[in-house]
Amino acid sequence: MLRLAPAIAIAVLAVPVFGGLAGTVLPAFGYLPALGGDAFSLEPFRVVLGQPGLLRSCLIALVAGVVTAAISVLIVALFVGGWSGTRTFRRMQSLVSPLLAVPHAAAAFGLAFMIAPSGFVARLFSPWATGWARPPDWLIVNDPLGLTFMAGLVVKEVPFLLLMALAAAPQVPMAASARLTSSLGYGRTAGFLFTSWPAIYRQIRLAVFAVIAFASSAVDVAVILGPTTPAALPVRLVEWMNDPDLSSRFMASAGAVLQLGVTLAALVIWLLVEKLAAAVTMHLCGQGRRFRADRIVRQVALVLTALTALMVFGGMFVLALWSVSGLWQFPHVLPDSLSLSGWMKVMPRIAGPLATTVTVGLAATVLSALIVIASLARERQTGRTGANWTLFFLYLPLLVPQAGFVFGLKLFLTHGGVGATWAALVLVHMVFVLPYVFLSLSAPWRAFDTRYEAIAAGLGKSAWQTLFAIRLPMLSRAILVAMAVGFAVSVGQYLPTLLIGAGRLVTVTTEAVALGAGGNRRVIGIYAFVQMLLPFLGFAVAALVPALLFRDRRAMKVA
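Residues numbered from 1 in each chain as written. Predicted model: local features only at pLDDT ≥ 70, side-chain atom pairs only at ≥ 80, totals over all residues. Heavy atoms only, no water.

An unreviewed UniProt entry lists the protein under the name ABC transporter permease subunit, from Oricola thermophila. In its Sequence similarities (unreviewed entry) section, the UniProt entry covering the protein states "Belongs to the binding-protein-dependent transport system permease family." (UniProt positions renumbered as here; feature names shortened; annotations may be inferred.)

Here you go:
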C-alpha cells in the first residue's frame with residue numbers, strides 16, 4: 001500500500017490540473033462538441049478580445065501580481081535582515097505566524113472595514129482630528145487603480161513569505177555571515193542582503209512564484225477590494241462562466257487562457273526584476289558601499305511588518321464588533337449597544353454552508369494527511385527523498401492560476417456526468433490542501449530522531465508497529481498542525497467551491513463574498529467572523545490535543 005502512496009499523491013495534484021488545462025484550452029479554440037463546437041476556431045478569442053475594458057482588466061491583474069510580490073518580498077527581506085536574532089524579531093514572528101490561518105476573503109473584509117471612509121480608522125480620528133461629522137466621499141475600497149486590492153494581498157502574503165524565509169534560514173549560516181560583514185564595516189541590513197539573502201531567496205523562489213500566480217488570478221479579494229469598472233480579469237471570467245447563455249463558455253475558456261498568459265507575463269516580468277535586483281546588488285558590492293546608517297530602513301521595515309499584522313488583527317476585531325453591534329453611527333468609535341439579534345437571524349441560514357465547510361474541509365484534510373503520511377513513510381522505507389520534479393508537482397496547483405484550470409475541470413466533470421457533488425468538491429479541495437499539508441509535515445517528519453525506531457526494532461517490533469507506536473504518536477503535534485493548515489486552506493477556497501459547487505454546494509466563504517455586495521455590515525461581519533473562527537479552532541485543537549495526550553510526559557511538552 002505504501003508503494004502506491006507517492007503515485008496517488010502525484011495523481012491527486014497533477015491529473016486535475018492537466019485535465020483542467022485541457023478542458024480550458026479545447027473550448028478556447030472552439031472545440032466543445034456538447035455545445036456544438038465541432039471544429040477548431042479562433043472565434044472565442046475574437047469575442048473575448050472585443051470585450052470593453054479588457055486591456056485595463058488584464059493590466060490590473062498583471063500589476064497586482066508583480067507589485068504584490070515585489071512589496072511583500074522587499075518587506076520580508078528588510079525585516080529579516082534588520083531584525084533577525086533580536087527579541088523584537090521573535091515577538092513579531094509570534095505575532096505574524098497566526099495570520100496564515102486567516103482566509104484571504106476574511107482578511108480583505110477586515111481591511112475594508114478598517115480603512116473605508118466610514119471605517120474604524122476614520123472613526124478613531126473623527127471628529128476631533130479630521131473634523132468629519134460624516135464619512136468623506138472618498139473611493140478607498142474598490143478604487144479604480146486597485147491600490148486597496150494590492151494592499152489586501154500584501155497583508156496576507158507578507159506572513160506567508162516571512163514564514164517561508166524563516167523555514168529556509170536554518171540552512172544558511174546567517175550568524176557567521178553577520179559577524180563577518182559586521183567586522184568589515186557593513187551595516188546590518190546591507191550585510192544580510194549581500195551575503196545571506198541570495199541563499200534564502202533561492203529556497204523560497206517557488207513560493208514567490210506562487211504568490212505572483214495567486215495575486216494575478218485572485219477572485220475573492222478582487223471582488224471585495226478590487227475595482228469594478230472594469231473589474232480585474234479573474235472576476236470577469238467568473239461572470240462569463242456563470243452566464244446563463246451556454247455559448248459564453250467558449251468566451252470564458254478563451255478568457256481563462258488569456259488569464260494564463262497574464263500570469264505567465266507577470267512571472268516573466270518578475271524574472272527580469274530578479275536579474276535587475278541581482279545586477280544592482282553586484283554593482284553596490286563592487287563599489288564597496290557599506291550602508292552603515294540603516295536605522296531608518298530597519299525602523300520602516302519593522303513598522304510595515306507590524307502594520308500588516310495590525311491591519312489583519314484590527315480587522316478581526318472590527319468584524320467581531322460589527323457582528324454584535326446595535327446602532328453604530330459615524331463617527332462613533334464604538335456601537336451604542338451590543339446585541340445578538342444579528343446572530344439569531346443569521347444562524348438558521350448559515351447552518352447549511354457551515355456544515356458543508358466543515359465536512360468538506362475535514363474530509364479533504366484527513367485524506368490529504370493520510371496520503372502525505374504514507375508518502376513520507378514510503379520515503380523513509382526506500383531512503384530516497386523527492387527530487388526537484390517532486391517539488392514541481394507539489395507547487396503545480398499553486399503556480400497554475402485557479403481560473404486557468406478549474407474552469408476546464410468543471411467542464412470535464414460535467415461532461416463526465418459528475419455534477420455538483422460533495423465528493424467532487426472534496427477532491428478539488430484536496431488539490432490545494434495536499435501541498436500545504438506536505439510542506440508543513442515533511443520537515444519535522446524528516447528531522448525525526450531515528451534512534452527511537454532503532455531501539456524499537458532492536459526490541460523486535462516490526463516496521464508497522466514502530467510507525468504506529470513510536471513515530472506517529474511522537475509526531476502527533478506536527479501532524480495535527482499540518483492538518484490545521486490544510487483545514488484553513490480548505491476553508492478559504494472560493495473559486496473552486498463556486499465553480500464545482502455550482503451554487504448547490506455553498507460554504508461560508510462563498511456566502512461571505514456573495515454578501516459583500518449587499519453592504520449589510522452586520523451580516524458580513526458574522527459570516528467573515530465565522531470564516532476566521534474555523535481555522536483558529538483547527539489550530540486550537542492541534543495545540544490542545546497533544547497537550548492533553550502528553551500531559552504526564554515532560555519530554556513531550558512544548559517548552
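The next thing to look at is the packing of helix 21 (residues 476-491) against helix 24 (residues 521-549). The contact between helix 21 and helix 24 brings their axes to 9 Å, and the two run at 170 degrees. Judged by the angle between their axes, helix 21 and helix 24 are roughly antiparallel. Facing R477, L480, V481, A484, V485, F487, A488 and V491 of helix 21, the residues of helix 24 in contact are Q531, L534, P535, G538, F539, A542, V545, P546 and A547. Class assignment for the residues of the contact of helix 21 with helix 24 results in 14 nonpolar, two polar and one charged. (Axes fitted to C-alpha atoms, helices over the stretch in contact; angles between N-to-C directions. Helix = DSSP H or I, 4+ residues; strand = E, 2+ residues; numbered from the N terminus. Parallel < 35°, antiparallel > 145°, perpendicular 65-115°, else oblique. Contact = heavy atoms within 4.5 Å. Nonpolar A, V, L, I, M, F, W, Y, C, P; charged D, E, K, R; others polar.)

The subject of this paragraph is helix 9 (residues 188-195). Every buried residue of helix 9 is accounted for by T189, A190, G191, F192 and F194. Next to the buried residues of helix 9 lie helix 3 (54-83), helix 8 (174-183), helix 10 (197-217), helix 13 (248-287) and helix 14 (295-323). (Buried < 20%, exposed > 50% of the residue type's maximum accessible area, 1.4 Å probe, protein only.)

Core analysis: the largest hydrophobic core is formed by 167 residues, its most contacted members being I200 and L225. Residue contacts for L225: discarding those within four places in its chain leaves A108, L111, A112, V141, N142, D143, T148, F149 and G152. (Core = buried A, V, L, I, M, F, W, Y, C linked by side-chain atoms within 4.5 Å.)

Two elements in contact, helix 1 (residues 5-28) and helix 17 (residues 402-415), have axes whose closest approach is 6 Å; the angle formed by their N-to-C orientations is 85 degrees. With respect to each other, helix 1 and helix 17 are oriented roughly perpendicular. Where helix 1 abuts helix 17, its residues P16, V17, G19, G20, L21, A22, G23, T24 and P27 lie against G404, F405, F407, G408, L409, L411 and F412. Its residues placed into classes, the contact of helix 1 with helix 17 shows 10 nonpolar, six polar and no charged.

Relative to the helices and strands, S177 resides in helix 8. Exposure remark for S177: the relative accessible area of 17% places this residue in the buried category. Aside from chain neighbours lying at most four places away, what touches S177 is T195 and S196.

Another point: the environment of V48. One can find V48 in helix 2 (residues 43-49). A C-alpha to C-alpha distance of 6.3 Å links V48 and G255, two positions 207 residues apart in sequence. Sequence-distant contacts of V48, that is, excluding residues within four places in its chain, are made with L54, W240, M251, A254 and G255.

Across all of its chains, the model carries 15 aromatic pairs by this definition. Residues F192 and W197 carry aromatic rings whose centres are separated by 6.1 Å and whose planes lie at 45 degrees to one another, so their mutual orientation is tilted. On the basis of an interplanar angle of 45 degrees and a centroid distance of 6.0 Å, the ring pair of F448 and Y452 is categorised as tilted. An aromatic cluster is defined as three or more aromatic residues linked by ring pairs; in this entry it consists of F113, W322 and W328. Taking the ring centre of F113 as reference, the NZ or CZ of R521 above it sits at 5.5 Å. (Phe/Tyr/Trp six-rings, centres within 6.5 Å; stacked < 30°, edge-to-face > 60°. Lys NZ or Arg CZ within 6 Å of the ring centre and 35° of its normal.)

What follows is about the environment of V431. Among the structural elements, V431 can be located in helix 18 (residues 422-446). Residue classification places V431 among the buried positions, given a relative accessible area of 1%. Spatially, the C-alpha atoms of V431 and I10 are 9.9 Å apart, while their sequence positions differ by 421 residues. When residues no more than four places from it in sequence are discounted, the contact partners of V431 are V12, L13, P16, V17 and P397.

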